[in-house]
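What follows is each chain in one-letter form.
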Amino acid sequence: MELEEKAKYGEPRKFDPSFKGPIHNRGCTDIVCCILFVLAILAYFAVGILAWSQGDPRKVIYPTDSRGQFCGQAGTPQEKKPLLFYFNIMKCASPMVLLEFQCPTTQICVEKCPDRFMTLIKAHSNKNDFDYYKNYCDQSVTNSMSVPDILRFRLCPAMLTPSTPFTRRCFPALGQKGGVIVVGNNSKFDDGSGTMKDAKDLVAGVKNATVAIEARQTMMKIFEDYTHSWYWILIGLVIATLTSLLFIILLRFLAGIMVWVMIALVIVVIGYGIFHCYMEYAALKEQPGANVTLQQLGFQTDLAVYLQIQQTWLAFMIILVIVEVIIILLLIFLRKRLLIAIALIKEASRAIGHVMCSLFYPLFTFLLLAIVIAYWAVTAVFLSTSNEPIYKVFNDTPCEFSREVCNPGNYSTSAMKAQCPDTQCLFAFYGGETVYHKYLIGLQFYNVFLFFWCANFVTALGQMTLAGAFASYYWAFVKPDDMPAFPVFSALGRSLRYHTGTLAFGSLILSIIQIIRVLLEYLDHKLKVAQNKFAKFLLCCLKCCFWCLEKFIKFLNRNAYIMVAIYGKNFCTSARDAFFLLMRNMIRVAVLDKVTDFLLFLGKLLIVGLVGVFAFFFFSGRVKAFENTAPNLHYYWVPILTVVIGSYLIAHGFFSVYSMCVDTLFLCFLEDLERNDGSPERPYLMPESLRKILNKKNKTTAQ
């Protein structure tokens with residue numbers, strides 16, 4: 001029965017006396033996909049050049065006035081006018097603001113926001129007041145012009161209210177006084193026509209005007225936090241790098257002890273996290289308003305608000321308790337298998353000891369990934385800002401041309417102006433009707449797809465390179481004499497020279513699945529308001545299926561690259577051979593491979609936990625010794641989160657060498673069991689520690 005089961009998954013490897021590890025006489029694989037990848041990269045460069053020639057990042061940086069000019073841009077007449085001023089902020093309460101992200105009122109660039117109440121009628125009668133008022137008018141306004149003419153041609157606002165700058169825009173300085181909404185300490189104001197209005201009437205306009213830029217303000221605060229804390233973040237990442245390197249070095253010499261130390265420290269760190277969450281939860285018990293639920297609180301741009309309520313810390317505590325229990329239960333059930341995994345990690349340590357330059361290969365991968373991410377981000381920004389300014393008709397009285405596209409250059413003499421004399425041709429948004437603008441969405445999609453493809457290609461290149469280097473170690477009969485002089489460089493050269501097409505093929509399959517997952521997330525976001533429960537259920541099932549498929553493809557690709565690095569065959573053949581080899585040894589896969597991955601994951605978790613705890617105490621100012629050293633930030637979680645994510649990526653980079661080494665040695669170990677039987681003619685190449693655990697002996701050593 002066992003033989004039939006094995007036959008179903010292919011024939012086991014036969015003994016080959018000439019086989020000594022990765023073969024040297026190999027040819028190029030998956031050439032068609034290699035050509036397709038090169039053409040896609042060339043097209044990607046063309047998209048980048050086109051985007052850089054058409055795009056203008058100033059549209060993101062600077063606000064735009066009604067004439068399409070950038071406020072505060074250096075080298076222009078608006079250089080000393082960095083702020084955007086709205087003639088009538090109450091018109092921003094129109095629902096059209098949410099559709100076009102532009103208020104239907106004249107907007108001009110100003111040097112500073114008004115700091116007093118003033119109406120045009122009163123200011124016009126006093127020269128000094130009118131000189132001040134003209135700072136918020138069109139440049140063509142003169143003292144000789146009458147108030148009706150100024151208002152008819154919309155050259156000045158009818159009133160000024162005390163305002164404050166917010167994301168380079170002037171908004172009324174609203175506040176509360178005795179439970180009443182005030183602006184500039186007054187609950188009422190003159191709207192310019194002699195009518196007194198309540199300050200609360202400004203709220204709707206301010207709310208709609210800020211809905212399109214609230215997220216941007218948060219991003220600006222986050223960016224400001226980065227400018228104040230970047231060097232401390234860098235220090236935190238350096239600490240994470242040194243800690244990861246120290247762990248790797250200790251694993252090299254003290255693998256068994258370090259594994260148990262890692263397990264104990266992870267349990268202790270998570271335990272401290274549970275204790276800290278409980279103390280915060282208990283401390284907030286007496287605080288007024290701390291019992292508000294997350295649902296009642298809703299979305300807040302200031303995430304520090306969430307840390308002031310009990311439910312947040314309770315949620316953190318529950319999550320950490322669940323993680324702690326899962327880890328302890330896994331350790332209890334896997335205690336016997338840990339010894340086998342530790343033996344495999346010890347052998348991986350010896351392999352890395354013979355291929356020390358492999359520890360620094362992740363730096364090369366990080367560099368390539370940084371280039372890919374930077375190219376994608378810059379191209380995305382230029383593509384999103386390569387639209388043209390669109391001007392539309394804005395009206396106070398009924399007009400058939402309302403919201404139609406217009407040309408500000410000749411609008412004063414156009415038929416639209418003649419039929420609707422009270423209308424204006426104002427800047428609305430950035431868009432375009434040319435062929436290029438129609439296909440901008442397609443170019444953005446191509447940019448995202450090539451980002452996934454290139455990022456997966458870089459990752460795949462690293463996996464195949466390390467697999468080739470460690471396979472050279474395993475199959476060397478006399479180590480290190482039978483190994484190449486520079487195993488990593490030799491493996492990298494083979495991968496790029498012969499298997500670029502294979503790397504492109506595997507990463508293409510993975511990229512297609514990831515793009516489908518992105519589209520499903522986009523559809524899920526769009527359908528959140530829908531009440532169709534069947535559609536939501538179907539979408540949830542699809543997301544789950546493609547998540548599982550992505551994990552399986554990553555696992556299959558990883559093992560396929562190992563087989564390609566050893567035998568030099570194409571992707572499909574290598575994937576089939578790797579899959580059948582694993583299926584023929586399914587029990588050993590569960591025993592060794594996954595337990596080892598779990599231990600390495602604990603190592604990454606420990607490094608992230610240690611660095612994260614240090615970052616939390618430093619940036620939050622909880623330790624008095626750091627109180628004067630830590631920078632003043634809007635959101636102290638910004639550098640903490642950055643350090644935690646960066647620490648995980650750094651730890652993952654270093655431990656990925658171990659992980660790839662273990663996976664490669666594991667596949668070689670399985671093939672060793674099939675090729676050899678321990679006889680003098682066919683001795684096992686696996687280390688003695690593994691042979692003892694598996695009760696395998698070389699007959700030459702048994703005598």
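Residues numbered from 1 in each chain as written. Predicted model: local features only at pLDDT ≥ 70, side-chain atom pairs only at ≥ 80, totals over all residues. Heavy atoms only, no water.

## Some points on the overall build of the protein
For the protein, the helix and strand inventory stands at 25 helices and twelve strands. Residues counted as buried form 47% of the 703 residues belonging to the protein. Summed over all atoms, the accessible surface of the protein reaches about 36,100 Å², with 65% contributed by carbon and sulfur. (Helix = DSSP H or I, 4+ residues; strand = E, 2+ residues; numbered from the N terminus. Buried < 20%, exposed > 50% of the residue type's maximum accessible area, 1.4 Å probe, protein only. Areas by Shrake-Rupley, 256 points an atom, 1.4 Å probe, with all protein chains shown as cover.)

## Describing the layout of surface pockets
Estimates place the volume of the largest pocket at around 2,000 Å³. Thr459, Gln463, Lys554, Arg558 and His652 are, among the 50 residues lining the largest pocket, the residues nearest its centre. Elements with a minimum of two residues in the lining of the largest pocket: α14 (361-384), α17 (440-474), α19 (500-526), α20 (533-567), α22 (586-619) and α23 (637-675). Here the element with the most residues in the lining of the largest pocket is α23; it accounts for twelve residues. (1 Å grid on protein atoms, 1.4 Å probe; cavity = no way out; pocket = protein on both sides within 12 Å on 5 of 7 lines; lining within 4 Å. Points joined across faces, edges and corners; volume = space filled by probe spheres on them.)

## Structural notes on the pattern of salt bridges
Scanning all chains against the criterion turns up eight salt bridges. The shortest N-O distance in the salt bridge between Arg116 and Asp115 comes to 3.2 Å. Judged by its relative accessible area of 34%, Arg116 falls in the partly exposed class. Here Glu550 and Lys554 are joined by a salt bridge, their closest N and O atoms 3.5 Å apart. One end of the pair is Glu550 and the other is Lys554, both in helix α20 and four residues apart, which spans about a single turn. When salt bridges with common partners are traced through the structure, they connect Lys127, Asp131 and Lys134 into a single cluster. (Salt bridge = Lys/Arg side-chain N within 4 Å of Asp/Glu carboxyl O.)

## Examining the environment of Phe489
With respect to the secondary-structure elements, Phe489 resides in helix α18 (residues 487-498). When its relative accessible area of 55% is taken as the criterion, Phe489 is described as exposed. Along the primary structure Phe489 and Thr465 are separated by 24 residues, whereas in three dimensions their C-alpha atoms are 8.0 Å apart.

## Thoughts on the state of the cysteines
Taken as a whole and assessed by the stated rule, the structure comprises four disulfides. One disulfide in the model links Cys113 with Cys170; its S-S distance is 2.1 Å. Residues Cys113 and Cys170 share a disulfide whose torsion about the S-S bond is about -90°; that sign makes it left-handed. On the criterion of sequence distance, the pair formed by Cys113 in the loop between β2 (107-110) and β3 (118-119) and Cys170 in strand β6 (residues 169-172) is long-range, its members being 57 residues apart. Under the relative-accessibility criterion, Cys113 is labelled buried at 9%. By relative accessible area, which is 4% here, Cys170 ends up buried. A sulfur-sulfur distance of 1.9 Å marks the disulfide that ties Cys137 to Cys156. Across the disulfide from Cys137 to Cys156, rotation about the S-S bond amounts to roughly 120°, and the bridge is consequently right-handed. Of this pair, Cys137 sits in the loop between α6 (127-133) and α7 (147-152) while Cys156 sits in the loop between α7 and β4 (159-160), and the two are 19 residues apart along the sequence. As far as burial versus exposure is concerned, Cys137 and Cys156 are alike and both buried. Cys33 carries a free sulfur, and the closest cysteine sulfur to it, the one in Cys34, is 8.1 Å from it. No disulfide involves Cys548; its sulfur sits 4.4 Å from the nearest other cysteine sulfur, which is in Cys544. (Disulfide = S-S within 2.5 Å.)

## Some thoughts on the environment of Leu670
Among the structural elements, Leu670 can be located in helix α23. Among the residues examined, Leu670 registers a relative accessible area of 0% and is labelled buried. Sequence separation between Leu670 and Leu581 is 89 residues, and the spatial gap between their C-alpha atoms is 7.5 Å.

## Let's talk about the packing of aromatic side chains
Geometry of an aromatic ring pair is reported as the spacing of the ring centres plus the angle between the planes. Within this structure, the stated rule accounts for 22 aromatic pairs. Aromatic ring contacts, followed pair by pair, group Tyr44, Phe45, Trp52, Tyr375 and Tyr446 into a single cluster. (Phe/Tyr/Trp six-rings, centres within 6.5 Å; stacked < 30°, edge-to-face > 60°.)

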